[in-house]
Amino acid sequence: MKHSPRGFTLVEVLVALAVVALALSAGVKAAGALSSNAERLSDNMAAQWCAENQLAGLVLARQFPSVGDVSFACEQAGRAYTGQLQIRPTPNPNFRRVDARISTPEGQPLVSLSTILPRY
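Residues numbered from 1 in each chain as written. Predicted model: local features only at pLDDT ≥ 70, side-chain atom pairs only at ≥ 80, totals over all residues. Heavy atoms only, no water.

Draft legend 1. Broad picture of the overall build of the protein chain. Along its length, the protein chain carries one helix and four strands. When the helices and strands of the protein chain are placed in sequence order, the string is α-β-β-β-β. Relative to the compact-globule value of 14 Å for 120 residues, the protein chain shows a C-alpha radius of gyration of 28 Å, a clear excess of over 25%. The principal-axis extent of the C-alpha atoms belonging to the protein chain is close to 105 × 30 × 20 Å. Classification of the 120 residues of the protein chain by burial places 20% in the buried group. Within the protein chain, counting contacts between residues at least 6 apart in sequence, those at least 24 apart form 40% of the total. Mean positive and mean negative side-chain charge positions of the protein chain (11 and 8 charges, respectively) differ by 7 Å. (Helix = DSSP H or I, 4+ residues; strand = E, 2+ residues; numbered from the N terminus. Rg over C-alpha atoms; globule rule 2.2 N^0.38 Å. Buried < 20%, exposed > 50% of the residue type's maximum accessible area, 1.4 Å probe, protein only. Contact = heavy atoms within 4.5 Å. Lys, Arg positive; Asp, Glu negative; His and termini not counted. Charge placed at Lys NZ, Arg CZ, Asp CG, Glu CD.)

Draft legend 2. A look at the pairing of strand S1 (residues 68-76). Where S1 and strand S2 (residues 79-89) come together, nine bridges link them in antiparallel fashion. Bridging across to S2, Val-70 finds its partner in Leu-85. (Pairing = 2+ DSSP bridges.)

Draft legend 3. Structural context of helix H1 (residues 10-61). Counted at 1.5 Å a residue, the expected span for H1 with its 52 residues is 76 Å, and the 77 Å between its end C-alpha atoms agrees. Phi for Arg-62, located one or two positions after H1, is positive at around 50°. (Expected span 1.5 Å × (residues − 1).)

Draft legend 4. View of the confidence of the model for the protein chain. Scored by pLDDT, the protein chain has a mean of 91; 96% of the residues are at 70 or more. Looking across the protein chain, the model is least confident in H1, with a mean pLDDT of 92, and most confident in strand S3 (residues 95-103), with 97. (pLDDT = per-residue confidence, 0-100.)

Structure below.
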């Protein structure tokens, strides 16, 4: 009476382990990408708040800004950002274009917002 072999061969086990390892590595890579995207989104949102706050401050000051560049620092959500306001003339002398550019402390640009301010 012959017995049929039971269980898996070593090669079958190794192939199964290789397939599981590939699936796990793909899952880890996907989780890392999701984490990186969430951090980038959080940085962009906080940087946008910085830019909006600077532009809103200019509107609320109700003063016609002079042409030039102004650097500033901003902290939102526990993170520090550097910013620059670029104030430029427009074809109509009663208006100024203001660009708020926000970067990481390392200089990587995050957000740029623009507005037009009138002479009050």
